[in-house]
Amino acid sequence: RFHHTSASHLCSCSKTASHEKYQDPFQLGRKDLKNLYEDIKKELLVSTAELKEMCDYYFDGKGKAFRPMIVVLMARACNIHHNNSREVQASQRSVAIIAEMIHTASLVHDDVIDDANSRRGKMTVNQIWGERKAVLAGDFILSAASVALARIGNTTIISVLTQVIEDLVRGEFLQLGSKENENERFAHYLEKTFKKTASLIANSCKAVSILGCPDPKVHEIAYQYGKNVGIAFQLIDDVLDFTSCADYLGKPTAADLKLGLATGPVLFACRQFPEMNAMIMRRFSKPGDVERARKYVLQSDGVQQTTYLAQRYCHEATREISKLRPSPEREALIQLTEMVLMRDK
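Residues numbered from 1 in each chain as written. Predicted model: local features only at pLDDT ≥ 70, side-chain atom pairs only at ≥ 80, totals over all residues. Heavy atoms only, no water.

Looking at an unreviewed UniProt entry, one finds the protein named All trans-polyprenyl-diphosphate synthase PDSS1, with Chunga burmeisteri as its source organism. For the record of the protein, the UniProt heading Pathway (unreviewed entry) holds the text "Cofactor biosynthesis; ubiquinone biosynthesis." In its Subunit (unreviewed entry) section, the UniProt record describing the protein reads: "Heterotetramer composed of 2 PDSS1/DPS1 and 2 PDSS2/DLP1 subunits." (UniProt positions renumbered as here; feature names shortened; annotations may be inferred.)

Now the structure itself:
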(Lines give C-alpha, C1' and ligand atoms only; values in the text may rest on other atoms or scores of the structure.)
Protein backbone atom coordinates (compact mmCIF):
# COMPACT_ATOMS: atom_id res chain seq x y z
CA ARG A 1 0.00 0.00 0.00
CA PHE A 2 2.86 2.38 0.74
CA HIS A 3 5.07 1.33 -2.17
CA HIS A 4 4.16 3.76 -4.93
CA THR A 5 4.21 7.06 -3.10
CA SER A 6 6.75 9.47 -4.48
CA ALA A 7 9.20 11.05 -2.08
CA SER A 8 8.63 14.51 -3.53
CA HIS A 9 4.92 14.35 -2.67
CA LEU A 10 5.69 13.24 0.85
CA CYS A 11 8.20 15.98 1.52
CA SER A 12 5.88 18.78 0.48
CA CYS A 13 5.52 19.85 4.13
CA SER A 14 9.27 20.37 4.50
CA LYS A 15 9.43 22.57 1.41
CA THR A 16 6.95 25.05 2.84
CA ALA A 17 8.67 24.79 6.19
CA SER A 18 12.01 25.99 4.94
CA HIS A 19 10.56 29.29 3.63
CA GLU A 20 9.28 30.41 7.02
CA LYS A 21 11.21 31.54 10.05
CA TYR A 22 10.75 28.86 12.70
CA GLN A 23 11.34 28.99 16.40
CA ASP A 24 13.64 26.30 17.74
CA PRO A 25 11.26 24.07 19.74
CA PHE A 26 13.94 23.32 22.34
CA GLN A 27 14.60 27.03 22.92
CA LEU A 28 10.91 27.84 23.08
CA GLY A 29 10.06 25.03 25.50
CA ARG A 30 13.13 25.51 27.70
CA LYS A 31 11.72 28.09 30.12
CA ASP A 32 8.76 25.85 31.01
CA LEU A 33 11.08 22.87 31.45
CA LYS A 34 13.54 24.66 33.73
CA ASN A 35 14.20 22.54 36.83
CA LEU A 36 12.13 19.70 35.30
CA TYR A 37 14.43 16.99 36.64
CA GLU A 38 14.73 18.63 40.07
CA ASP A 39 10.92 18.72 40.23
CA ILE A 40 10.74 15.05 39.24
CA LYS A 41 13.20 14.21 42.02
CA LYS A 42 10.97 16.07 44.49
CA GLU A 43 8.14 13.74 43.45
CA LEU A 44 10.43 10.79 44.19
CA LEU A 45 10.95 11.41 47.87
CA VAL A 46 12.51 8.11 48.77
CA SER A 47 13.16 6.49 52.10
CA THR A 48 15.98 4.17 51.04
CA ALA A 49 19.30 5.46 49.74
CA GLU A 50 19.58 2.72 47.12
CA LEU A 51 16.17 3.40 45.59
CA LYS A 52 17.00 7.12 45.49
CA GLU A 53 20.27 6.37 43.72
CA MET A 54 18.46 4.21 41.13
CA CYS A 55 15.85 6.90 40.43
CA ASP A 56 18.46 9.67 40.22
CA TYR A 57 20.47 7.56 37.76
CA TYR A 58 17.93 8.01 34.95
CA PHE A 59 16.72 11.48 35.93
CA ASP A 60 20.20 12.92 35.51
CA GLY A 61 19.03 15.90 33.43
CA LYS A 62 20.95 14.65 30.38
CA GLY A 63 17.90 13.41 28.47
CA LYS A 64 16.48 15.54 25.66
CA ALA A 65 13.13 15.79 27.51
CA PHE A 66 11.50 15.34 24.11
CA ARG A 67 8.11 14.33 25.51
CA PRO A 68 7.78 17.06 28.17
CA MET A 69 8.81 19.61 25.55
CA ILE A 70 6.02 18.55 23.17
CA VAL A 71 3.59 18.69 26.11
CA VAL A 72 4.47 22.27 27.18
CA LEU A 73 4.49 23.51 23.58
CA MET A 74 1.07 21.94 23.04
CA ALA A 75 -0.17 23.49 26.29
CA ARG A 76 0.87 26.97 25.12
CA ALA A 77 -0.49 26.44 21.59
CA CYS A 78 -3.89 25.41 22.99
CA ASN A 79 -3.97 28.22 25.58
CA ILE A 80 -3.20 30.81 22.89
CA HIS A 81 -5.80 29.26 20.58
CA HIS A 82 -8.45 29.39 23.30
CA ASN A 83 -7.98 32.81 24.90
CA ASN A 84 -4.60 34.12 23.83
CA SER A 85 -3.09 33.20 27.20
CA ARG A 86 0.68 32.89 26.96
CA GLU A 87 1.20 31.14 30.29
CA VAL A 88 1.45 27.43 30.97
CA GLN A 89 -0.78 26.45 33.90
CA ALA A 90 0.81 24.61 36.83
CA SER A 91 -1.43 21.60 36.15
CA GLN A 92 -0.29 21.51 32.50
CA ARG A 93 3.35 21.54 33.56
CA SER A 94 2.54 18.71 35.97
CA VAL A 95 1.31 16.66 32.98
CA ALA A 96 4.74 17.18 31.33
CA ILE A 97 6.47 15.93 34.49
CA ILE A 98 4.13 12.93 34.78
CA ALA A 99 4.67 12.05 31.10
CA GLU A 100 8.44 11.94 31.60
CA MET A 101 8.05 9.82 34.74
CA ILE A 102 5.75 7.29 33.03
CA HIS A 103 8.14 7.17 30.06
CA THR A 104 11.18 6.55 32.28
CA ALA A 105 9.40 3.87 34.32
CA SER A 106 8.55 2.10 31.06
CA LEU A 107 12.22 2.25 29.98
CA VAL A 108 13.36 0.69 33.26
CA HIS A 109 10.84 -2.14 32.81
CA ASP A 110 11.60 -2.54 29.09
CA ASP A 111 15.29 -2.98 29.83
CA VAL A 112 14.45 -5.79 32.26
CA ILE A 113 12.17 -7.51 29.73
CA ASP A 114 14.78 -7.15 26.97
CA ASP A 115 17.74 -7.92 29.27
CA ALA A 116 19.32 -4.76 27.83
CA ASN A 117 22.74 -3.70 29.02
CA SER A 118 22.94 -0.11 27.74
CA ARG A 119 20.58 2.84 27.41
CA ARG A 120 21.40 6.46 26.46
CA GLY A 121 25.06 5.48 26.25
CA LYS A 122 25.34 4.14 29.80
CA MET A 123 24.67 0.89 31.64
CA THR A 124 21.06 0.04 32.42
CA VAL A 125 19.61 -0.04 35.93
CA ASN A 126 19.11 -3.81 35.67
CA GLN A 127 22.80 -4.33 34.82
CA ILE A 128 23.98 -2.34 37.83
CA TRP A 129 21.39 -3.18 40.50
CA GLY A 130 19.90 -6.41 39.13
CA GLU A 131 16.52 -7.25 37.64
CA ARG A 132 14.48 -7.47 40.83
CA LYS A 133 15.45 -4.04 42.10
CA ALA A 134 15.02 -2.56 38.60
CA VAL A 135 11.42 -3.82 38.44
CA LEU A 136 10.75 -2.26 41.86
CA ALA A 137 12.38 1.04 40.83
CA GLY A 138 10.13 1.19 37.73
CA ASP A 139 7.10 0.45 39.91
CA PHE A 140 8.14 3.15 42.36
CA ILE A 141 8.51 5.81 39.63
CA LEU A 142 5.09 4.82 38.28
CA SER A 143 3.49 5.09 41.72
CA ALA A 144 5.02 8.55 42.26
CA ALA A 145 3.63 9.59 38.85
CA SER A 146 0.20 8.35 39.96
CA VAL A 147 0.37 10.43 43.15
CA ALA A 148 1.32 13.53 41.12
CA LEU A 149 -1.55 12.77 38.73
CA ALA A 150 -4.07 12.49 41.58
CA ARG A 151 -2.84 15.85 42.89
CA ILE A 152 -4.03 17.57 39.68
CA GLY A 153 -7.48 16.68 41.00
CA ASN A 154 -9.23 16.31 37.64
CA THR A 155 -10.89 12.94 37.00
CA THR A 156 -10.88 13.40 33.19
CA ILE A 157 -7.12 13.97 33.21
CA ILE A 158 -6.61 10.94 35.47
CA SER A 159 -8.63 8.83 33.05
CA VAL A 160 -6.71 10.11 29.98
CA LEU A 161 -3.27 9.50 31.51
CA THR A 162 -4.01 6.14 33.10
CA GLN A 163 -4.96 4.99 29.57
CA VAL A 164 -1.27 5.45 28.75
CA ILE A 165 -0.21 2.95 31.42
CA GLU A 166 -2.74 0.41 30.16
CA ASP A 167 -1.54 0.93 26.56
CA LEU A 168 2.10 0.43 27.58
CA VAL A 169 1.27 -2.97 29.08
CA ARG A 170 -0.89 -4.01 26.13
CA GLY A 171 1.81 -2.83 23.72
CA GLU A 172 4.41 -4.95 25.47
CA PHE A 173 2.12 -7.99 25.19
CA LEU A 174 1.63 -7.27 21.47
CA GLN A 175 5.41 -7.12 21.09
CA LEU A 176 5.80 -10.51 22.77
CA GLY A 177 3.49 -12.12 20.21
CA SER A 178 3.78 -12.31 16.42
CA LYS A 179 1.19 -12.81 13.71
CA GLU A 180 1.20 -15.96 11.55
CA ASN A 181 -0.71 -14.13 8.84
CA GLU A 182 1.61 -11.87 6.85
CA ASN A 183 -1.22 -9.48 5.96
CA GLU A 184 -2.03 -8.88 9.62
CA ARG A 185 1.58 -8.36 10.57
CA PHE A 186 1.90 -4.71 9.59
CA ALA A 187 -1.32 -3.72 11.37
CA HIS A 188 -0.06 -5.59 14.46
CA TYR A 189 3.25 -3.68 14.26
CA LEU A 190 1.54 -0.28 13.95
CA GLU A 191 -0.84 -1.04 16.82
CA LYS A 192 2.10 -2.08 18.99
CA THR A 193 3.93 1.12 17.98
CA PHE A 194 0.96 3.25 18.93
CA LYS A 195 0.48 1.60 22.31
CA LYS A 196 4.17 1.46 23.32
CA THR A 197 5.29 4.87 22.04
CA ALA A 198 2.61 7.13 20.62
CA SER A 199 -0.14 6.74 23.23
CA LEU A 200 1.96 8.56 25.84
CA ILE A 201 2.52 11.57 23.56
CA ALA A 202 -1.06 11.57 22.20
CA ASN A 203 -2.76 11.36 25.60
CA SER A 204 -0.39 13.83 27.29
CA CYS A 205 -1.11 16.35 24.52
CA LYS A 206 -4.83 15.68 24.92
CA ALA A 207 -4.59 16.15 28.70
CA VAL A 208 -3.01 19.61 28.48
CA SER A 209 -5.51 20.63 25.79
CA ILE A 210 -8.39 19.66 28.13
CA LEU A 211 -6.83 21.74 30.92
CA GLY A 212 -6.36 24.73 28.61
CA CYS A 213 -9.40 24.79 26.37
CA PRO A 214 -13.01 23.50 26.64
CA ASP A 215 -13.42 22.74 22.90
CA PRO A 216 -13.49 18.97 22.13
CA LYS A 217 -12.27 19.72 18.57
CA VAL A 218 -9.05 21.10 20.07
CA HIS A 219 -8.67 18.00 22.26
CA GLU A 220 -8.91 15.85 19.12
CA ILE A 221 -6.35 18.01 17.26
CA ALA A 222 -3.91 17.70 20.19
CA TYR A 223 -4.45 13.94 20.39
CA GLN A 224 -4.02 13.38 16.64
CA TYR A 225 -0.88 15.50 16.53
CA GLY A 226 0.66 13.52 19.40
CA LYS A 227 -0.38 10.18 17.93
CA ASN A 228 1.08 10.90 14.48
CA VAL A 229 4.33 12.38 15.78
CA GLY A 230 4.68 9.47 18.20
CA ILE A 231 4.30 6.82 15.51
CA ALA A 232 6.71 8.68 13.20
CA PHE A 233 9.23 8.96 16.06
CA GLN A 234 9.19 5.18 16.57
CA LEU A 235 9.37 4.42 12.84
CA ILE A 236 12.54 6.53 12.61
CA ASP A 237 13.84 4.77 15.74
CA ASP A 238 13.32 1.44 13.95
CA VAL A 239 15.18 2.78 10.89
CA LEU A 240 18.10 3.96 13.03
CA ASP A 241 18.43 0.44 14.42
CA PHE A 242 19.66 -0.52 10.94
CA THR A 243 21.44 2.63 9.77
CA SER A 244 23.17 4.16 12.82
CA CYS A 245 26.33 2.96 14.50
CA ALA A 246 26.08 1.68 18.07
CA ASP A 247 28.39 4.25 19.69
CA TYR A 248 26.42 7.10 18.19
CA LEU A 249 23.01 5.65 19.02
CA GLY A 250 23.90 4.99 22.67
CA LYS A 251 22.63 1.40 22.45
CA PRO A 252 23.54 -1.66 20.34
CA THR A 253 22.33 -1.73 16.72
CA ALA A 254 20.24 -4.56 15.25
CA ALA A 255 18.97 -4.76 18.84
CA ASP A 256 15.40 -5.39 17.66
CA LEU A 257 16.44 -8.35 15.50
CA LYS A 258 18.39 -9.79 18.42
CA LEU A 259 15.19 -9.52 20.49
CA GLY A 260 13.31 -11.37 17.74
CA LEU A 261 11.31 -8.29 16.69
CA ALA A 262 10.22 -7.61 13.11
CA THR A 263 9.97 -3.82 12.79
CA GLY A 264 8.96 -1.70 9.76
CA PRO A 265 12.19 -2.10 7.74
CA VAL A 266 12.00 -5.90 8.17
CA LEU A 267 8.31 -6.09 7.23
CA PHE A 268 8.87 -4.00 4.09
CA ALA A 269 11.99 -6.03 3.19
CA CYS A 270 9.90 -9.18 3.51
CA ARG A 271 7.99 -8.21 0.36
CA GLN A 272 11.21 -8.40 -1.66
CA PHE A 273 12.70 -11.35 0.25
CA PRO A 274 9.83 -13.73 1.17
CA GLU A 275 12.35 -16.13 2.74
CA MET A 276 12.40 -13.73 5.68
CA ASN A 277 8.89 -14.88 6.69
CA ALA A 278 10.22 -18.08 8.21
CA MET A 279 12.86 -16.09 10.12
CA ILE A 280 10.19 -13.72 11.46
CA MET A 281 8.09 -16.62 12.71
CA ARG A 282 11.02 -18.17 14.56
CA ARG A 283 11.95 -14.68 15.82
CA PHE A 284 15.44 -14.76 14.24
CA SER A 285 16.46 -17.47 16.69
CA LYS A 286 18.62 -19.67 14.44
CA PRO A 287 22.36 -18.97 14.25
CA GLY A 288 23.02 -16.48 11.46
CA ASP A 289 19.39 -15.27 11.28
CA VAL A 290 20.13 -11.80 12.67
CA GLU A 291 23.01 -11.18 10.24
CA ARG A 292 21.05 -12.50 7.25
CA ALA A 293 17.95 -10.49 8.10
CA ARG A 294 20.03 -7.34 8.50
CA LYS A 295 21.63 -7.94 5.10
CA TYR A 296 18.23 -8.44 3.45
CA VAL A 297 16.90 -5.24 5.00
CA LEU A 298 19.86 -3.20 3.75
CA GLN A 299 19.59 -4.75 0.26
CA SER A 300 15.85 -3.98 0.11
CA ASP A 301 14.02 -0.66 0.16
CA GLY A 302 12.79 -1.41 3.70
CA VAL A 303 14.59 1.53 5.29
CA GLN A 304 13.41 3.91 2.58
CA GLN A 305 9.79 2.70 2.75
CA THR A 306 9.73 3.01 6.56
CA THR A 307 11.10 6.56 6.25
CA TYR A 308 8.40 7.40 3.68
CA LEU A 309 5.78 6.09 6.07
CA ALA A 310 7.20 8.24 8.90
CA GLN A 311 6.99 11.25 6.56
CA ARG A 312 3.33 10.52 5.97
CA TYR A 313 2.63 10.46 9.70
CA CYS A 314 4.53 13.74 10.18
CA HIS A 315 2.61 15.28 7.31
CA GLU A 316 -0.64 14.29 9.04
CA ALA A 317 0.59 15.72 12.39
CA THR A 318 1.36 19.02 10.64
CA ARG A 319 -2.07 19.03 8.97
CA GLU A 320 -3.76 18.59 12.36
CA ILE A 321 -1.79 21.18 14.35
CA SER A 322 -2.23 23.73 11.54
CA LYS A 323 -5.93 23.90 12.49
CA LEU A 324 -4.96 25.83 15.64
CA ARG A 325 -4.56 29.60 15.67
CA PRO A 326 -1.03 30.64 14.55
CA SER A 327 1.49 31.04 17.36
CA PRO A 328 5.25 30.54 17.82
CA GLU A 329 4.41 27.34 19.72
CA ARG A 330 2.28 26.00 16.89
CA GLU A 331 5.13 26.70 14.45
CA ALA A 332 7.57 24.99 16.82
CA LEU A 333 5.35 21.89 16.88
CA ILE A 334 5.38 21.88 13.06
CA GLN A 335 9.18 22.27 13.15
CA LEU A 336 9.33 19.34 15.56
CA THR A 337 7.87 17.01 12.92
CA GLU A 338 10.84 17.92 10.71
CA MET A 339 13.26 17.23 13.55
CA VAL A 340 11.71 13.80 14.15
CA LEU A 341 12.40 12.89 10.51
CA MET A 342 15.93 14.32 10.46
CA ARG A 343 17.21 12.92 13.75
CA ASP A 344 20.11 10.51 13.61
CA LYS A 345 20.07 9.13 17.17
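**Some words on the overall build of the protein**
For the protein, the count of helices and strands is 19 helices and 2 strands. Radius of gyration (C-alpha) of the protein: 20 Å, near the 20 Å computed for a compact globule of 345 residues. Summarising its shape, the C-alpha atoms of the protein cover approximately 55 × 55 × 35 Å along the three principal directions. Going through the 345 residues of the protein one by one, you find that 55% of them count as buried. Surface accessibility of the protein: about 15600 Å² in total, with carbon and sulfur atoms responsible for 53%. (Helix = DSSP H or I, 4+ residues; strand = E, 2+ residues; numbered from the N terminus. Rg over C-alpha atoms; globule rule 2.2 N^0.38 Å. Buried < 20%, exposed > 50% of the residue type's maximum accessible area, 1.4 Å probe, protein only. Areas by Shrake-Rupley, 256 points an atom, 1.4 Å probe, with all protein chains shown as cover.)

**Quick notes on the environment of D56**
Mapped onto the secondary structure, D56 falls in helix α5 (residues 49–58). The sequence separation of D56 and Q305 amounts to 249 residues, and the corresponding C-alpha distance is 39 Å. Polar contacts involving the side chain of D56 include one to the side chain of K52, which spans 2.8 Å. (Polar contact = N/O pair within 3.5 Å; in protein donor to acceptor, adjacent residues only side chain to side chain.)

**Some remarks on α5**
Because an α-helix completes one turn every 3.6 residues, residues spaced three or four positions apart along the sequence face the same direction. Residues of α5 that are buried include every one of L51, M54, C55, Y57 and Y58, and no others. An end-on view of α5 places all buried positions within 155 degrees of arc, on one side of the element. (Arc of directions from axis to C-beta.)

**Brief notes about the packing of aromatic side chains**
By the definition in use, this model includes 7 aromatic pairs. Judged by centre distance (5.6 Å) and plane angle (80 degrees), the rings of F186 and Y189 are edge-to-face. Of this pair, F186 and Y189 both sit in helix α11 (residues 182–212), 3 residues apart, which is roughly one turn of the helix. Owing to a relative accessible area of 3%, Y189 belongs among the buried residues under this scheme. Through pairs of rings, three or more aromatic residues link up here, namely Y57, Y58 and W129. Positioned over the ring face of Y57 is K122, at 4.0 Å from the centre of the ring. Directly above the ring of Y223 sits K206, whose terminal nitrogen or CZ lies 5.7 Å from the centroid. (Phe/Tyr/Trp six-rings, centres within 6.5 Å; stacked < 30°, edge-to-face > 60°. Lys NZ or Arg CZ within 6 Å of the ring centre and 35° of its normal.)

**With respect to the packing of helix α3 (residues 25–33) against helix α19 (residues 328–342)**
A pair of packed helices is captured by two measures, namely the crossing angle of their axes and the spacing between those axes. Closest axis-to-axis distance for the α3/α19 pair is 9 Å, and the angle between their directions is 125 degrees. Considering their axes alone, α3 and α19 lie oblique with respect to each other. Seen from above, α3 lies across α19 with left-handed handedness. Where α3 approaches α19, its residues P25, F26 and L28 are matched on the opposing element by P328, E329, A332, Q335, L336 and M339. (Axes fitted to C-alpha atoms, helices over the stretch in contact; angles between N-to-C directions. Parallel < 35°, antiparallel > 145°, perpendicular 65-115°, else oblique. Left-handed = near helix turned anticlockwise from the far one by under 90°. Contact = heavy atoms within 4.5 Å.)

**Topic: the pattern of salt bridges**
A side chain with one charge may pair with a side chain of the opposite charge, provided their charged atoms come close. Counted under the stated rule, the structure contains 18 salt bridges. In this structure, D32 and R76 form a salt bridge, with 2.6 Å as the shortest nitrogen-oxygen distance. Separated by 44 residues along the polypeptide, D32 in helix α3 and R76 in helix α6 (residues 66–83) bring together distant segments of the chain. What makes D32 buried here is its relative accessible area of 11%. The partner of D237 in a salt bridge is R343, and the shortest N-O contact between them spans 2.9 Å. One end of the pair, D237, is in helix α12 (residues 216–243); the other, R343, is in the segment after α19, with 106 residues separating them in the sequence. The burial state of D237 is the same as that of R343; both residues are buried. (Salt bridge = Lys/Arg side-chain N within 4 Å of Asp/Glu carboxyl O.)

**Here's the deal with the packing of α5 against helix α9 (residues 131–152)**
Interaxial distance between α5 and α9 falls to 10 Å at its minimum, and their mutual angle equals 75 degrees. As far as their axial angle goes, α9 and α5 are roughly perpendicular. Where α5 approaches α9, its residues E50, L51, M54 and C55 are matched on the opposing element by K133, A134, A137, F140 and I141.

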